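Understanding the architecture of this molecule
Below, each chain spelled out in residue letters.
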Amino acid sequence: MKVAIIGQGYVGLTISSFASEFFEVIGFDKSQRIVDQLNAGISHIEGVESATLKKWIGRGSFRATSREANISDADVVVIAVPTPLTDDRKPDLTFIDAACKTVGENVTKPVLVINESTSFPGTLRNYIKPAIEKYSKNKIEHLYAISPERVDPGRSDFNQKNTPRLYSGLTLEASEKTRAFYSRFCDKLIEVSTPEVAEAAKLFENTFRQVNIALVNEFAQIANALGISVYETLDAANTKPYGFMKFIPSAGVGGHCIPVDPTYLAAIAEENGAPATFIRRANEVNLEMSEYIVRRVFEDNGGNLQGKSVLVVGVAYKPNVADVRETAAELVIEHLRCRGAVVSWHDDVVGNWKGESSAPLQGADIAVVVTKHDGVDEKKILASAPYVFDTTGKVKGAKSL
Ligand SMILES: NC(=O)c1ccc[n+]([C@@H]2O[C@H](COP(=O)([O-])OP(=O)(O)OC[C@H]3O[C@@H](n4cnc5c(N)ncnc54)[C@H](O)[C@@H]3O)[C@@H](O)[C@H]2O)c1
């Protein structure tokens, strides 16, 4: 069976790697650079080893392509393209639309189309199916299903195999074929009654994280105002064996999911006349954390950051990955610069970002730790500046939330 996977990023390449063990996989990406790199056996995604990729290429079960026509003889097409927000923070389905165009214009026989991209309930039924039909020259009855992706890049304890997967087809046949496809490389499949439930569940999972992170971020500010340790308080609350789940305060949320998915949910809720005030406010609280942190640093440093050299340590949105999408570091740097600080950043995992390179971990007046990668030495962070503010709770001896 041939499987075409549209989009070879975090989600698409991860799926490609698992599926290549059992199927012939065509990894389609519009980026020629990514395609060339993949065909050379070089993975750009944490969690997908280049050696594994080389193994599949050598066996003939994986190849990447940017030629749309190469997906024409696929039996299953998986869509794994970005679903970002527009500049005015509304759901942006332009990548989904482009993927539908590729499928519609190139797939000439009935196939199973599975969407793995995150979007609001109704996307499969009201958007993807009509769009593919619109772009198809001939009327072809494809099967359509959703199976939202739950991968957490950089994580080793849960992967495609042992993370339970939700799925639902628009028809019974689509559901059955989707189950047959994933059951080759996923241990636990859970069918839900409609694609909309699967789409909503994915959004709610990430909204649950977003609001709990916002709550703990607000609590960090309350704890500081009361003169108590937020970390000790959270550890104390966490001794309750039920009804409590520990979240850790931070400089904010980043990545492609937590800052974005809840806004997809809020947008569709409001479009249908249901208020999403709690979700909207949680987003604001998380965005405001960067300003709060910089205010704390400003106050600790005599109310003056003018001309001071500030090193932001860790600009990736989370530890041990190079992903800087929606990183909280960006807002922290912006607020520091607004107060006149001369800002550089250190993150050798990221290397280059926004035309700047990672600076040495030394010689600053002030260091602000936004993300602590495992490979970065705590002592070196503490020695990098006479004043170190840690937003991660991992640098003992620094000023902290
Ligand atoms: N990254 C995660 O941890 C994660 C987890 C679960 C779900 N998701 C969801 O999965 C989807 C994909 O996210 P991602 O992180 O893999 O994105 P990504 O940016 O890492 O990768 C997307 C890839 O798609 C390619 N692409 C864009 N438009 C294309 C097109 N029309 N045709 C072919 N290729 C195209 C890009 O070049 C890129 O390589 C999103 O909806 C996201 O919300 C992501």
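In this report, the structure presented in the accompanying data block is examined. For clarity, every value in this text was computed on a predicted model and none was experimentally measured.

Considered for burial, the residues of helix H8 (residues 230-237) that qualify are Val230, Tyr231 and Leu234. In an axial view of H8, the angular spread of the buried residues amounts to 100°, which keeps them on one side of the axis. Looking at the buried side of H8, the elements it contacts are helix H7 (195-226) and strand S15 (399-400). With a side-chain oxygen lying 3.3 Å from the backbone nitrogen of Tyr231, the N-terminal cap of H8 falls on Ser229.

The next subject is the site of the ligand. Taken together, 27 residues are adjacent to the ligand, and Tyr10, Val11, Asp29, Thr83 and Thr118 come closest. Within the contact set of the ligand, an oxygen atom lies 3.4 Å away from a backbone nitrogen or oxygen of Val81. Protein contacts shield 92% of the accessible area of the ligand, which totals 830 Å² for the unbound molecule. Among the elements that take part in the shell around the ligand, helix H4 (residues 94-106) stands out by supplying three residues, more than any other. Taken together, the residues of the shell around the ligand break down into 14 nonpolar, eight polar and five charged.

Mapped onto the fold, Leu172 is located in helix H6 (residues 172-182). Separated by 27 residues in the primary sequence, Leu172 and Ala145 place their C-alpha atoms 9.8 Å from one another.

Regular strands place their side chains on alternate faces of the sheet. In this structure, strand S9 (residues 309-313) lies alongside strand S10 (residues 342-346), joined through five bridges in parallel fashion. Directly across from Val313, in S10, lies its bridge partner His346. Taken together, S9, helix H11 (residues 328-338) and S10 form a β-α-β motif whose crossover is right-handed.

Reading the values: rules and limits
Residues numbered from 1 in each chain as written. Predicted model: local features only at pLDDT ≥ 70, side-chain atom pairs only at ≥ 80, totals over all residues. Heavy atoms only, no water. Buried < 20%, exposed > 50% of the residue type's maximum accessible area, 1.4 Å probe, protein only. Helix = DSSP H or I, 4+ residues; strand = E, 2+ residues; numbered from the N terminus. Arc of directions from axis to C-beta. Contact = heavy atoms within 4.5 Å. Polar contact = N/O pair within 3.5 Å; in protein donor to acceptor, adjacent residues only side chain to side chain. Near = heavy atom within 4 Å. Areas by Shrake-Rupley, 256 points an atom, 1.4 Å probe, with all protein chains shown as cover. Nonpolar A, V, L, I, M, F, W, Y, C, P; charged D, E, K, R; others polar. Pairing = 2+ DSSP bridges. Right-handed = clockwise from strand over helix to strand, strands pointing away.

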